[in-house]
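Listed below, chain by chain, are the residues.
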Amino acid sequence: MSNLLLTMKDIEKSFPGVHALKKCTFSLEKGEIHALVGENGAGKSTIMNILTGSIPYDSGDIFLEDKKAHFKSPKQAQEAGISMVHQELNLMDNLTVAQNIFIGRESDNIFLNDTSINKKTKELFEQLNFHIDPEEIVGNLSVSLQQIIEIAKAISHDAKIIVFDEPSATLTEKEINQLFKIMKELKKTGVSMIYISHRMNEIKRISDRVTIMRDGEYIGTLSSEKAKIEQIIQMMVGRVIYEERKKVSTVIEGQKPILCVKNFSSKDVNNVSFDLYKGEILGFAGLIGAGRTELARLIFGADKKTSGELFIHGKKVNINSPFHAVKQGIGYLSEDRKRYGLVLGMSVSNNIVLPKLTDYISGIFINESKIKEVTKEYIEKINIKTPSEKRLVKSLSGGNQQKVIIAKWLLKNCDILIFDEPTRGIDVGAKSEVYKLMNNLAKTGKSIIMISSELPELIRMSDRVLVMCEGTHTATLKLDDINQTTIMEYATQQ
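A few points on the structure. (Residues numbered from 1 in each chain as written. Predicted model: local features only at pLDDT ≥ 70, side-chain atom pairs only at ≥ 80, totals over all residues. Heavy atoms only, no water.)

1. Looking at the overall build of the chain
Helix and strand counts for the chain come out as 17 helices and 22 strands. Radius of gyration (C-alpha) of the chain: 23 Å, near the 23 Å computed for a compact globule of 494 residues. Considering only C-alpha atoms, the chain reaches an extent of 75 × 50 × 50 Å along its principal axes. Counting across all 494 residues of the chain, residues that qualify as buried make up 55%. At a minimum sequence separation of 6, the contacts of the chain that also span at least 24 residues come to 66%. As presented, the chain carries roughly 22,700 Å² of accessible surface, and 49% of it is formed by carbon and sulfur atoms. Averaging the coordinates of the 66 positive side-chain charges in the chain and doing the same for the 62 negative ones gives two points 4 Å apart. (Helix = DSSP H or I, 4+ residues; strand = E, 2+ residues; numbered from the N terminus. Rg over C-alpha atoms; globule rule 2.2 N^0.38 Å. Buried < 20%, exposed > 50% of the residue type's maximum accessible area, 1.4 Å probe, protein only. Contact = heavy atoms within 4.5 Å. Areas by Shrake-Rupley, 256 points an atom, 1.4 Å probe, with all protein chains shown as cover. Lys, Arg positive; Asp, Glu negative; His and termini not counted. Charge placed at Lys NZ, Arg CZ, Asp CG, Glu CD.)

If you want it as structure tokens, here you go:
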């Protein structure tokens with residue numbers, strides 16, 4: 001008897017100007033955790049959105065338990081036992097945790113009131129060993145906790161198949177361990193899972209098989225246990241990628257700082273001081289809740305500090321808003337690109353020129369040809385995959401959306417760039433491009449603050465690393481002292 005639960009055969013999908021999937025094949029066995037990998041734009045999310053009924057496909061066949069299936073909506077797929085945890089959060093900020101988890105199922109008599117859904121949600125979180133108040137408003141929670149709610153929502157449907165699209169991107173190591181524990185328990189009960197991730201160590205650790213896609217095509221399927229990471233990456237990108245940590249700092253000894261932060265405090269940040277030098281990449285390390293993003297938002301004027309002083313090029317400045325920060329030459333790439341980094345309903349070109357839009361306006365006229373020229377330059381420069389500069393940015397993959405934000409601040413020519421999780425949700429090939437881009441920016445004299453939850457990334461890229469724990473600055477490590485053990489020691493230091 002066949003152990004196959006799902007077969008997708010010769011799936012074709014085209015969007016205007018893009019042949020997204022070309023005769024793609026994918027199979028899933030009962031009780032299997034199957035990884036799906038590929039660069040941004042490879043078609044991973046597209047084929048999974050087809051499976052879950054979120055988008056139609058042009059041709060091909062889907063078989064579920066040997067029966068032909070064609071889901072025209074996510075609801076139909078859920079009723080057939082297929083749920084998906086999307087990379088981009090899809091929660092309603094003004095509703096409670098419980099209301100988000102059970103929304104759409106109000107017609108079931110069990111879920112007619114808040115008391116019953118709160119009880120069910122509490123039981124679900126106890127089963128998953130996560131502690132989140134069912135009555136808390138989702139908009140008040142961190143990105144990582146919202147991701148856990150998305151995972152709980154998918155599991156609550158008693159699915160046969162759960163698709164995880166980059167579920168660990170915002171989770172701490174402890175939360176990832178708990179997620180993997182849950183996945184292994186689900187596997188024991190016969191649930192099959194598809195795991196999309198760019199983190200190769202996770203692929204090796206949690207999956208049974210791995211399928212590789214490239215440019216909308218199926219490349220191959222390997223045993224996760226037997227496959228080498230280098231082999232998977234080479235199949236993903238069609239070339240060998242070699243990453244090497246920084247050996248020599250770009251910071252010139254004895255120079256004056258470009259940015260000087262003195263005694264910054266808020267409800268989440270406790271008396272933090274540091275300097276940033278010309279041509280430096282200063283890494284910010286710490287666990288979730290350490291205050292790294294909160295500190296960056298204070299510098300950028302997005303949140304109000306209770307005390308502290310800021311100096312740029314030795315001159316004291318008062319930054320009370322992001323508008324003031326940009327005028328002072330500070331650019332900020334937020335970890336939450338959908339909420340703070342992009343105008344999703346606007347085109348790629350309009351997003352890129354937004355901080356300098358006045359430069360392209362004369363009276364009542366907008367110089368569209370100049371905007372087209374400059375945006376095409378940056379699309380090519382950092383390899384943004386889009387059929388046109390007029391394409392709505394919401395239609396791009398997560399990694400390409402991130403590149404649009406980077407292009408925006410490059411065009412603005414800011415001297416100080418704050419990159420908050422710059423490679424979150426970006427594949428290994430695109431990561432390599434971003435790393436080269438950041439190093440080139442540093443070589444031209446740009447000063448970069450890089451907040452990252454990935455220790456290998458911090459170690460590879462940073463001239464120095466500032467470590468935080470629970471809002472407090474616990475250490476600043478020089479190049480020769482940067483390693484995972486030392487960072488973690490200071491990141492957990494009370």
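Now that the structure has been shown, the text picks up again.
2. Some points on unusual backbone geometry
Phi at Asp 215 is positive, roughly 50 degrees, even though this residue is not glycine. If you trace the backbone, Asp 215 turns up in the loop between β9 (209-214) and β10 (217-223). A positive phi angle, near 55 degrees, is found at Asn 263, a position not held by glycine. Tracing the backbone through its elements, the reader meets Asn 263 in strand β11 (residues 259-265). Asn 263 gets classed as partly exposed once you look at its relative accessible area, which sits at 37%.

3. Thoughts on the packing of helix α14 (residues 398-412) against helix α15 (residues 428-443)
At a minimum axis separation of 12 Å, α14 and α15 run at an interaxial angle of 15 degrees. In terms of orientation, α14 lies roughly parallel with respect to α15. Of the two elements, α14 crosses α15, and the hand of that crossing is left-handed. In this structure, α14 contributes Lys 403, Ile 406 and Leu 410 to the contact, and α15 contributes Ala 430, Glu 433, Val 434, Leu 437 and Leu 441. Within the contact of α14 with α15, the residues separate by chemical class into six nonpolar, no polar and two charged. (Axes fitted to C-alpha atoms, helices over the stretch in contact; angles between N-to-C directions. Parallel < 35°, antiparallel > 145°, perpendicular 65-115°, else oblique. Left-handed = near helix turned anticlockwise from the far one by under 90°. Nonpolar A, V, L, I, M, F, W, Y, C, P; charged D, E, K, R; others polar.)

4. Topic: the sheet that holds strand β2 (residues 18-29)
Pairing within the open sheet is antiparallel, and its four strands lie in the order β2-β1-β4-β5. Only two strands of the sheet have a single partner each, and these edge strands are β2 and β5 (67-69). In this sheet, adjacent strand axes meet at a mean angle of 25 degrees when their direction is disregarded. Pairing of strand β1 (residues 4-15) with β2 involves eight bridges; the strand directions are antiparallel. Bridge assignment links Phe 15 to a residue of β2, and that residue is Val 18. In this fold helix α1 (residues 44-51) packs onto β1, β2 and β4 (59-64), with an angle of close to 115 degrees to the strand it touches most, β1. (Pairing = 2+ DSSP bridges.)

5. With respect to the side chain of Lys 403
Within the element layout of this structure, Lys 403 appears in helix α14. Using a relative accessible area of 5% as the deciding quantity, one classes Lys 403 as buried. Not counting residues within four places of it along the chain, the set of residues in contact with Lys 403 comprises Ile 382, Asn 383, Ile 384, Ala 430 and Glu 433.

6. Let's talk about the pairing of strand β19 (residues 416-420)
Where burial is concerned, most of β19 is hidden: five out of the five residues are buried. Here β19 shows a buried face lined by Ile 416, Ile 418 and Asp 420 and a second buried face lined by Leu 417 and Phe 419. Here four bridges tie strand β16 (residues 330-333) to β19, and the two strands are oriented parallel to one another. Bridge pairing links Tyr 332 to Ile 418 in β19.

7. Brief notes about the sheet that holds strand β3 (residues 33-37)
The sheet built from six strands is open, its strands ordered β6-β7-β8-β3-β9-β10 with mixed pairing. Only two strands of the sheet have a single partner each, and these edge strands are β6 (82-85) and β10. Averaged over all pairs of adjacent strands, the angle between strand axes in this sheet comes to 20 degrees, irrespective of strand direction. In this sheet, strand β8 (residues 192-196) lies alongside strand β7 (residues 161-165) in parallel orientation, the contact comprising five bridges. For Val 163, the partnering residue across the bridge sits in β8 and is Ile 194.

8. Examining the packing of aromatic side chains
The tally for this structure, following the rule as stated, stands at five aromatic pairs. On the basis of an interplanar angle of 35 degrees and a centroid distance of 5.2 Å, the ring pair of Phe 300 and Tyr 332 is categorised as tilted. With a gap of 32 residues between them, Phe 300 in the loop between α9 (292-299) and β14 (307-312) and Tyr 332 in strand β16 connect regions that are remote in the sequence. Summarising the burial analysis for this pair, Phe 300 and Tyr 332 share the class buried. With centroids separated by 6.4 Å and ring planes inclined at 85 degrees, the aromatic side chains of Phe 300 and Trp 409 adopt a geometry described as edge-to-face. Here Phe 300, found in the loop between α9 and β14, pairs with Trp 409, found in helix α14; they are 109 residues apart in sequence, far enough to count as distant. The class of Trp 409 is buried, set by a relative accessible area of 7%. Over the aromatic face of Tyr 378 sits the side chain of Lys 381, whose NZ or CZ is 4.4 Å from the ring centroid. (Phe/Tyr/Trp six-rings, centres within 6.5 Å; stacked < 30°, edge-to-face > 60°. Lys NZ or Arg CZ within 6 Å of the ring centre and 35° of its normal.)

9. Some details on the pattern of salt bridges
Under the criterion given, the structure shown has 17 salt bridges. Note that Lys 119 and Glu 123 form a salt bridge whose closest N and O atoms lie 2.9 Å from each other. Note that Lys 119 and Glu 123 are positioned in helix α4 (residues 114-128) at a spacing of four residues, about one turn of the helix. A relative accessible area of 53% places Lys 119 in the exposed class. Classification of Glu 123 as partly exposed rests on a relative accessible area of 36%. (Salt bridge = Lys/Arg side-chain N within 4 Å of Asp/Glu carboxyl O.)

Honestly, that's just the spatial picture; any functional story needs more than this.
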